[in-house]
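Chain by chain, the residues run as shown.
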Amino acid sequence: MTTSDQIEQLLRQRRASALPEHFVLPHYEGYSIANLAPTVAQLLGARMEDASGTLPEDLWADLADDVSCVLLIILDAVGYYQLRRYLDTERSLFSDLVSRGRLIPITSVFPSTTVSALSSIWTGHPPLGHGFLGTKLLLPRQGVLANMLKMGPATYGGGGRLEDWGWDPETFIRVPTLAGTLDNAGIGAVAHTRLSFMGSTLTNIFLRGMTELRGYVGLSDLWVNLRRTFAERDSDQPLFVDVYWGGADNVGHVYGPENEYATAALRHLSRSLEVDFLDRLPAAAREGTLLVITADHGQIATPLEHVVHLPDHPRLWETLLLPPAGESRAAYLYARPGEREHLRAYAEEHLGSEFVILDTDRALAAGLWGPAHAVPSELRARLGDQVLIAKQNARLTRRKKEDDKGTLRGHHGGLTAEEMLVPLLMTRLDQL
């Protein structure tokens, strides 16, 4: 059995009471994306205090000799199994990277969604540690149900900014970031993200402390810009370089994650990375560089026949104090006073075939959001009374059935292996 197979088995065998056996639990103790930042910091000679531990040292120690630069490429919504399927069907740059390096699965966080996962990648903390507990969150101090991806009220036709409600993005995440830690240690950090994201509130939160931000329009200029970053690099100074690519997430949402569209997205990524970056990168610029490719989460197909439309369940609506928060596949439900047991009973009877309903305190005890020794009251308020977690392909929506055209065919947020297992591919650029 290979190392990757052993780790996959380890991650898939972990259990929590009241949760289906096929669920994959986040492994914050060493095999999750929350362990990446402390590992990168240690590789470059820094230390992230009070963060999660590093990845197990035996996974990367043989690649760490004389590392002066770490290049981290984050592929939004490229699950471990999706990448393995691609490797099985097409010979590409990824095949060469795997043969000369190491590919293993690690877990995302819960919920397996962008705002929570990227926050864990950048801080080295599980969601309970940084506070980004989902895409839609109740902000009790502001009295607003917020969309944390759009940074505005989570209402149809809603507008405005969370700042208009008195929310302060500078203090939302209070733990240090990887970039900030590196900056304090005198280590440079350069991030490449979409040009349209530059200056946004979310980008400013995620990339706080970066020495430099560089925007790109598409795949072509992304790799040219990255090559120039390496050409300008002082090889005598340690450097961290980050790349974020969201193309697979966009394609997966629209077409689904298991088809020729998803394969084409990875094919174009691989080809462009090879031709426009690696093939034109001088040997001197590769020296001392460890390439790390990972993802924030995976994605799963959510066919229309498995969608639960809340307007079809008026009695459930009557038990809710607020619209569901969290994710469409991991919803946080707030019960009206005196309706908590009615909420649970109705959900178990009418939604139980598609969702697990779990008391939030039990979910906290299971460590889904991270160690829950003493949860601050404000964070606890963001999680509601009950959690609905999709068993397989379901999702929950506030839309009426006649208004839901199924335009998004892929989603994430839940605990299936497709969503939770992500690739960790490591190799030395100076050995390619």
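The coordinates are above.
Residues numbered from 1 in each chain as written. Predicted model: local features only at pLDDT ≥ 70, side-chain atom pairs only at ≥ 80, totals over all residues. Heavy atoms only, no water.

1. Quick notes on the overall build of the protein
We apply this condition: Runs of E in the DSSP output that reach at least two residues are strands. Runs of H or I that reach at least four are helices, and both are numbered from the N terminus. Put simply, the radius of gyration uses C-alpha atoms, and a globule should come to 2.2 Å times the residue count raised to 0.38. Exposure is judged per residue with a 1.4 Å probe applied to protein chains only, and the accessible area is read against the type maximum: over 50% gives exposed, under 20% gives buried, and values in between give partly exposed. The contact rule is simple, with two residues in contact once any of their heavy atoms fall within 4.5 Å. A 1.4 Å probe and the Shrake-Rupley method give the accessible areas. Residues count as covered only by the protein chains that appear here. Here Asp and Glu are counted as negative and Lys and Arg as positive; His is not counted, and neither are the chain ends. To locate a charge, take NZ of a lysine, CZ of an arginine, CG of an aspartate or CD of a glutamate.
The helix and strand inventory of the protein stands at 18 helices and 18 strands. For the protein, the C-alpha radius of gyration of 21 Å lies close to 22 Å, the compact-globule estimate for 432 residues. Structurally, the protein occupies a C-alpha span of about 65 × 45 × 40 Å along its principal axes. Taken across its 432 residues, the protein has 59% of its residues classed as buried. Intrachain contacts of the protein at a sequence separation of at least 6 include 74% that bridge at least 24 residues. Of the roughly 17400 Å² of accessible surface on the protein, 47% is carried by carbon and sulfur atoms. The averaged location of the 53 negative side-chain charges in the protein is 4 Å from the averaged location of its 41 positive side-chain charges.

2. So, the pairing of strand 3 (residues 136-139)
Here is the rule: Between any two strands, at least two bridges found by DSSP are needed for them to pair.
Inspection of the sheet shows strand 3 paired to strand 4 (residues 144-147) by 4 bridges, in the antiparallel sense. Counterpart to L137 in the pairing with strand 4 is A146.

3. Here we look at the packing of helix 3 (residues 80-89) against helix 4 (residues 93-100)
Our working definition: Only the contacting stretch of a helix is used when fitting its axis, a line to C-alpha atoms as for every element, and angles between N-to-C directions run 0 to 180 degrees. Should an angle fall under 35 degrees it is called roughly parallel, over 145 degrees roughly antiparallel, and 65 to 115 degrees roughly perpendicular, with every other angle called oblique. Polar here means any residue other than Ala, Val, Leu, Ile, Met, Phe, Trp, Tyr, Cys and Pro, which are nonpolar, and Asp, Glu, Lys and Arg, which are charged; Gly is therefore polar.
Packing of helix 3 against helix 4 brings their axes to within 9 Å, and their N-to-C directions diverge by 105°. It follows that helix 3 is roughly perpendicular to helix 4 by the angle criterion. For the pair helix 3 and helix 4, contact is made by L83, Y86 and L87 and by F94, S95 and V98, respectively. Class assignment of the residues belonging to the contact of helix 3 with helix 4 gives a composition of 5 nonpolar, 1 polar and no charged.

4. Focus: the sheet that holds strand 6 (residues 188-194)
Taking strand neighbours across the sheet as the criterion, the 7 strands line up as 2-18-9-1-8-6-7 in an open arrangement whose pairing is mixed. Both edges of this open sheet fall to strand 2 (102-107) and strand 7 (212-216), since each of them pairs with a single strand only. Between one strand axis and the next, the sheet turns by 20° as a mean value, whatever way the strands run. Across 5 bridges, the pairing between strand 9 (residues 289-294) and strand 18 (residues 421-428) is antiparallel. The residue of strand 18 that forms the bridge with V292 is M426.

5. Section: a nonpolar patch on the surface
Condition: Like-charged residues within 9 Å of one another, or nonpolar side chains (Val, Leu, Ile, Met, Phe, Trp, Tyr) within 5 Å, are grouped into patches, provided each residue has over 30% relative accessible area and no salt bridge. Counted as salt bridges are all cases of a side-chain nitrogen of Lys or Arg within 4 Å of a carboxyl oxygen of Asp or Glu.
A cluster of nonpolar residues, V254, Y255, Y261 and L408, forms a patch on the protein surface that exposes about 350 Å² of accessible area. Inspection of the secondary structure assignment puts Y261 in helix 12 (residues 260-278). Take Y261: its relative accessible area is 40%, and that puts it in the partly exposed class.

6. Points about the layout of surface pockets
Rolling a probe over the atoms, with the probe sized like a water molecule, indicates the empty space that remains. Where we set the bar: Here a cavity is any set of points on a 1 Å grid over the protein atoms alone where a 1.4 Å probe fits but cannot get out, and a pocket is any open set with protein on both sides within 12 Å along at least 5 of 7 lines; a residue lines the site when it has an atom within 4 Å of a point. Grid points are joined across faces, edges and corners, and a volume is the space filled by probe spheres set on the points.
By volume, the second largest pocket amounts to about 490 Å³. F172, R174, P376, L379 and R382 are the residues nearest the centre of the second largest pocket, which is lined by 23 residues in total. Sorting the residues of the lining of the second largest pocket by element identifies helix 6 (127-130), helix 7 (169-172) and helix 17 (377-381) as the ones contributing at least two each. Ranked by residue count, the leading element in the lining of the second largest pocket is helix 6, at 3 residues. Residue composition of the lining of the second largest pocket, grouped by class: 12 nonpolar, 6 polar and 5 charged.

7. A few points about the packing of aromatic side chains
Operational definition: Stacked, tilted and edge-to-face are the three classes assigned to paired rings of Phe, Tyr and Trp, where Trp is represented by its six-membered ring and a pair needs centres within 6.5 Å; plane angles under 30 degrees give stacked, over 60 edge-to-face, the rest tilted.
In the structure shown here, the tally under the stated rule is 12 aromatic pairs. Plain terms: the ring middles of F230 and F277 are 5.7 Å apart, the flat faces sit at 65° to each other, and that makes the pair edge-to-face. Note that F230 is positioned in helix 10 (residues 219-231) and F277 in helix 12, a separation of 47 residues in sequence. Look at F230 and you get buried, because its relative accessible area is 2%. Its relative accessible area of 1% is what places F277 among the buried residues. The structure contains a cluster of three or more aromatic residues connected by ring pairs, namely F132, W167, F172 and F206.

8. Observations regarding the nonpolar core
In plain terms, the rule: By convention a nonpolar core is built from buried Ala, Val, Leu, Ile, Met, Phe, Trp, Tyr and Cys residues, the set being connected through side-chain atoms within 4.5 Å.
Among the nonpolar cores identified, the biggest contains 127 residues, and F240 and W369 are the most heavily contacted of them. The element contributing the most residues to this core is strand 1 (residues 69-75), with 7 residues. Within the second largest apolar cluster, 17 residues are counted, among which are V308, A331, L343 and L396.

9. Quick notes on the pattern of salt bridges
According to the stated counting rule, one finds 20 salt bridges in the structure shown. A salt bridge links E49 to R47, with the nearest nitrogen and oxygen atoms 3.4 Å apart. Exposure class is identical for E49 and R47. Each is exposed. Salt-bridge contacts for D361 lead to R380; the nearest nitrogen and oxygen are separated by 3.1 Å. Highlighted residues: D361 in helix 16 (residues 360-365) and R380 in helix 17, separated in sequence by 19 residues. Taking the relative accessible area as the measure of exposure, D361 reaches 42% and is therefore partly exposed.

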